[in-house]
Protein chains: 2
Amino acid sequence: MPATPPLTRIQIKNRQVILEAGLEVFSQHGFRGATLDQIASQAGLSKPNLLYYFPSKEAIHVALLSSLLDTWLAPLQALDDHGDPVAEILDYVRRKLALSRDFPRESRLFANEVLQGAPRIGGALGGDLKTLVDAKAAVIRGWGAAGRIAPVDPYHLIFSIWALTQHYADFDVQVRAVLGGEDPFPGAEAYLEQLFRRLLTA
Amino acid sequence: MPATPPLTRIQIKNRQVILEAGLEVFSQHGFRGATLDQIASQAGLSKPNLLYYFPSKEAIHVALLSSLLDTWLAPLQALDDHGDPVAEILDYVRRKLALSRDFPRESRLFANEVLQGAPRIGGALGGDLKTLVDAKAAVIRGWGAAGRIAPVDPYHLIFSIWALTQHYADFDVQVRAVLGGEDPFPGAEAYLEQLFRRLLTA
DNA sequence: GATTGATTTGACCAAACGGTCAACTGAAGG
DNA sequence: CCTTCAGTTGACCGTTTGGTCAAATCAATC
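All residue numbers refer to positions counted from 1 along the written sequence of the respective chain. Chain letters and ligand numbers both follow the written order, the letters beginning at A and the numbers at 1. In view of the model being predicted, local features appear only for residues whose pLDDT reaches at least 70, and side-chain atom pairs are presented and counted only at 80 or more, with totals across whole chains, interfaces and linings using the full set of residues. The basis for every side-chain value is the complete set of non-hydrogen atoms in the structure, without hydrogens or water.

Asker: With reference to specific residues and values, describe the protein's contact with DNA strand D.
Answerer: Nearness of a residue to a molecule or strand requires only that one of the residue's heavy atoms be within 4 Å of it. The environment of DNA strand D is formed by 19 residues, the closest being Leu36 and Lys57 of chain A together with Thr8, Gln11 and Tyr53 of chain B. Close to the protein, within 4 Å, the atoms of DNA strand D belong to sugar or phosphate groups at a rate of 60%. One of the side-chain N or O atoms of Lys47 of chain A is found 3.1 Å from a base nitrogen in DNA strand D. N or O atoms within 3.5 Å of each other form a polar contact, as long as, within protein, one can give a hydrogen and the other can take it, and as long as residues adjacent in sequence are counted only when both atoms are side-chain atoms. Ser46 of chain B has a polar side-chain atom sitting 3.2 Å from a phosphate oxygen of DNA strand D.

Asker: Account for the protein's contact with DNA strand C, with residues named and values stated.
Answerer: Among the 19 residues in the neighbourhood of DNA strand C, the closest are listed as Thr8, Gln11 and Tyr53 of chain A together with Leu36 and Lys57 of chain B. Sugar and phosphate atoms form 58% of the subset of DNA strand C atoms that lie within 4 Å of the protein. At 3.1 Å, a side-chain N or O of Lys47 of chain B approaches a base nitrogen of DNA strand C. At 2.8 Å from a phosphate oxygen of DNA strand C is found a side-chain nitrogen or oxygen belonging to Lys57 of chain B. Helix and strand labels come from DSSP, where a helix needs a run of H or I of at least four residues and a strand needs a run of E of at least two; each type is numbered from the N terminus. Looking at the surface near DNA strand C, the elements that each hand over two or more residues are helix 1 (9-33) and helix 3 (47-53) of chain A together with helix 3 (47-53) of chain B. Residues that form the surface near DNA strand C fall into these classes: eight nonpolar, seven polar and four charged. Three classes are used, and their members are as follows: Ala, Val, Leu, Ile, Met, Phe, Trp, Tyr, Cys and Pro are nonpolar, Asp, Glu, Lys and Arg are charged, and the others, Gly among them, are polar.

Asker: Describe helix 9 (residues 172-179) of chain B, listing the residues and the values that go with them.
Answerer: Counting buried positions over the eight residues of helix 9 of chain B gives six, a clear majority of the element. When helix 9 of chain B is considered as a whole, its buried residues turn out to be Asp172, Gln174, Val175, Ala177, Val178 and Leu179 of chain B. Structurally, helix 9 of chain B contributes buried residues whose contacts are with helix 6 (104-115), helix 7 (122-145) and helix 8 (154-170) of chain A together with helix 6 (104-115) and helix 8 (154-170) of chain B. Phi turns positive, to about 75°, at Gly180 of chain B, one or two residues after helix 9 of chain B. We call a residue buried when its accessible area falls under 20% of the maximum for its residue type, exposed when it is over 50%, and partly exposed in between, using a 1.4 Å probe and counting protein chains only. Contact between two residues is taken to exist if any of their heavy atoms lie within 4.5 Å; hydrogens are not considered.

Asker: With reference to specific residues and values, describe the confidence of the model for chain A.
Answerer: Per-residue confidence from the predictor is reported as pLDDT, which spans 0 to 100. Averaged over every residue, the pLDDT of chain A is 95; residues scoring 70 or more account for 97%. Interface confidence in the predicted complex, given as ipTM, is 0.93; pTM for the same model is 0.94.

Shown next as structure tokens:
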């Protein structure tokens, strides 16, 4: 007894099209700044047709956020207790920076939400997110206690990785304005490797 | 012949009240998410009265942004060519972190604007901001060339200071959710000093 | 090719929005 | 007291917005 009937091909395709359009518009203008007309136009659908697939504007936003959270936390999930500590952390930094380079809209969508107090995703922050960070912080603390990396506060280490990598997506306009249009990412990757290597092997 | 007549006491006070209310509301909801009714209510004034002092919603926003930019760049302005390099940079980090602690709303207002492509302040990014950063980057590059700090890309060094300090204001909700409500700032200050000291004296 | 349910849309609605205006109030100087 | 002008506001307006609905169209199955 499936409570929800199976989706047709058209439903699968149009839901995808709408989410892609919603990502484009929400990440540019924020939740309140985005309009259903904009999203519909971007998706190539009529406004009532949007609301045939999603019950409300907020439902599109929530669907985007929750499908995003997994992708966003995957790099931290992959941090391996049994790997080489410095290499593991540097890999995490690289993976997170790659997300900023390849999925800047997702980063800005998330930033917009957190910036405004995470009204539609707040629960996940103190729940899944905190659980994961607590676990990985314990791993990092263990590495420090064993003398395999220089001692650092593991929570602020994780925050600093988030801040440094997401900055290149979220503040892209500012970064490129200062650099005069040059692509920031090659330089960023080299700089961040240098920074965390020095921090962890001091 | 003063083109603009002198301001009365009431004008000075009410303009200030409106800007304070606008800061509160804009920083929480963004430009599009904020309404004149919210700002008026927060300021304890009627909506038509708001528009007696500012010609439009956008005018309030622009007034906030431009008066903010100076405050925001002051810590970088203060970076002294003739001081001790490591101490100068660490002082810059501390001053910038203090801004995040003491003026989080200003930080979020700015973040909101840049996140959405800086539509109302874009010009200043490639202008005043770039000019200042170029000048200070040259100073830092000089310190590196003279062997007084470890060699680092000065632009990414500045970006990293912005990212790390503003993160604690802009992503406050997330940081506190992970830390379980604990005040992040004491730990952040210690961590950032450690990080930049190791980076610059490697 | 007829039927049935999935899909699409033009027309519409109520609420919220930024902004206007004429009229009212208050305060300061003569 | 009266005049004058800064300050204030209730009522209002046109537009935009999220969302609804009945009717039309399309696609799959029999």
